[in-house]
Amino acid sequence: MAKKTIKAPNEAFTGSVAGVRFEDGVGHTDDENAIAYFERQGYGVSGEPAAQPGDPDAKYPAGDPSDKWKKEELLAYAADRQIDLGEAKNKDEIWGAIKPGGTPYKGVTTPDGKALVNDSTDQKDAEIKDQQSLPVQ
């Protein structure tokens, strides 16, 4: 995959997210899982500006989806990210189809829903592991 530019919602952000280093709100990666994560989280991908809180044209709030969102907001979020809602009709069913596999963390997932994590506190350690293979502590 070609390298993509990622723009953080906070233009002043400097740090690492999902293994991607950001300087002044801009990072670059060709990691498909990281790109999918950033798209789900409302970051700008390929130079498109990230959705900002208070944007009058936004169909849903910036950031992670929540069970506090209205049904229309969840539907718009799902449509933007091409999430298959299956037979979901009411708000709870739609939220059930959108929430990230029932995992309680904000991490990277593979297209088949496998949770990927970096369990190291060392920023230079970029090894990504399957969450299920890690010991429970």
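What you see is a predicted model; the values in this text were computed from it and never measured. (Residues numbered from 1 in each chain as written. Predicted model: local features only at pLDDT ≥ 70, side-chain atom pairs only at ≥ 80, totals over all residues. Heavy atoms only, no water.)

**Digging into the pattern of salt bridges**
Right, on to step 1. Tallied over the entire structure, the rule returns one salt bridge.
Right, on to step 2. Measuring nitrogen to oxygen at the nearest pair gives 3.2 Å for the salt bridge that ties Glu-23 to Arg-21. (Salt bridge = Lys/Arg side-chain N within 4 Å of Asp/Glu carboxyl O.)

**Observations regarding the packing of helix α2 (residues 71–80) against helix α3 (residues 91–98)**
Right, on to step 1. Running from amino to carboxyl end, α2 crosses α3 at an angle of 30 degrees, the nearest separation of the two axes being 10 Å. As α2 runs across α3, the sense of the crossing is left-handed. Contacts between α2 and α3 pair Lys-71, Leu-74, Leu-75, Tyr-77 and Ala-78 from the former with Lys-91, Ile-94, Trp-95 and Ile-98 from the latter.
Right, on to step 2. Residue composition of the contact of α2 with α3, grouped by class: seven nonpolar, no polar and two charged. (Axes fitted to C-alpha atoms, helices over the stretch in contact; angles between N-to-C directions. Helix = DSSP H or I, 4+ residues; strand = E, 2+ residues; numbered from the N terminus. Left-handed = near helix turned anticlockwise from the far one by under 90°. Contact = heavy atoms within 4.5 Å. Nonpolar A, V, L, I, M, F, W, Y, C, P; charged D, E, K, R; others polar.)

**Details of the sheet that holds strand β5 (residues 44–45)**
Right, on to step 1. Spatial strand order, β2-β3-β4-β1-β5: five strands in an open sheet with antiparallel pairing. Taken across any chain shown, the strands that pair with only one partner, and hence form the sheet edges, are β2 (15–17) and β5.
Right, on to step 2. The sheet contact formed by strand β1 (residues 4–7) and strand β4 (residues 26–29) spans four bridges and is antiparallel. In the sheet register, Thr-5 faces β4, and the bridge partner there is His-28. (Pairing = 2+ DSSP bridges.)

**A look at the packing of aromatic side chains**
Right, on to step 1. Considering all chains together, one arrives at six aromatic pairs under this definition.
Right, on to step 2. Considering the side-chain rings of Tyr-37 and Phe-38, the 5.5 Å spacing of their centres and the 70 degrees angle between planes classify their relative orientation as edge-to-face.
Right, on to step 3. Accessibility expressed as a relative area gives 0% for Phe-38, which makes it buried.
Right, on to step 4. Their ring planes at 80 degrees and their centres at 5.6 Å tell us that Trp-69 and Tyr-77 sit as a pair that is edge-to-face. (Phe/Tyr/Trp six-rings, centres within 6.5 Å; stacked < 30°, edge-to-face > 60°. Buried < 20%, exposed > 50% of the residue type's maximum accessible area, 1.4 Å probe, protein only.)

**Here's the deal with unusual backbone geometry**
Right, on to step 1. At Ala-18, a residue that is not glycine, the phi angle is positive and equals roughly 50 degrees.
Right, on to step 2. When you line up the elements, Ala-18 lands in the loop between β2 and β3 (20–23).
Right, on to step 3. Classification of Ala-18 as partly exposed rests on a relative accessible area of 31%.
Right, on to step 4. Here Asp-24, not a glycine, exhibits a phi torsion of approximately 50 degrees, which is positive.
Right, on to step 5. Topologically, Asp-24 is positioned in the loop between β3 and β4.

**Structural notes on the confidence of the model for the protein chain**
Right, on to step 1. Residues at a pLDDT of 70 or more form 63% of the protein chain, whose mean pLDDT is 73.
Right, on to step 2. This stretch, residues 47–54, has a pLDDT under 50; its non-local contacts, to residues over four places away or in other chains, come to 15 contacts.
Right, on to step 3. This model gives residues 102–106 a pLDDT under 50, and the stretch forms six contacts once residues within four places in sequence are excluded. (pLDDT = per-residue confidence, 0-100.)

**Let's talk about α2**
Right, on to step 1. Among the residues of α2, Glu-73, Leu-74, Ala-76, Tyr-77 and Ala-78 are the ones counted as buried.
Right, on to step 2. Tucked into the core, α2 has its buried residues touching α1 (32–40) and α3.
Right, on to step 3. At the exit of α2 stands Gln-82, carrying a positive phi of roughly 55 degrees.

**Focus: the side chain of Gln-41**
Right, on to step 1. By secondary structure assignment, the location of Gln-41 is in the loop between α1 and β5.
Right, on to step 2. With relative accessibility at 13%, the residue Gln-41 sits in the buried group.
Right, on to step 3. If we skip the residues at most four places from it in the chain, Gln-41 touches Gly-63, Asp-64 and Arg-81.

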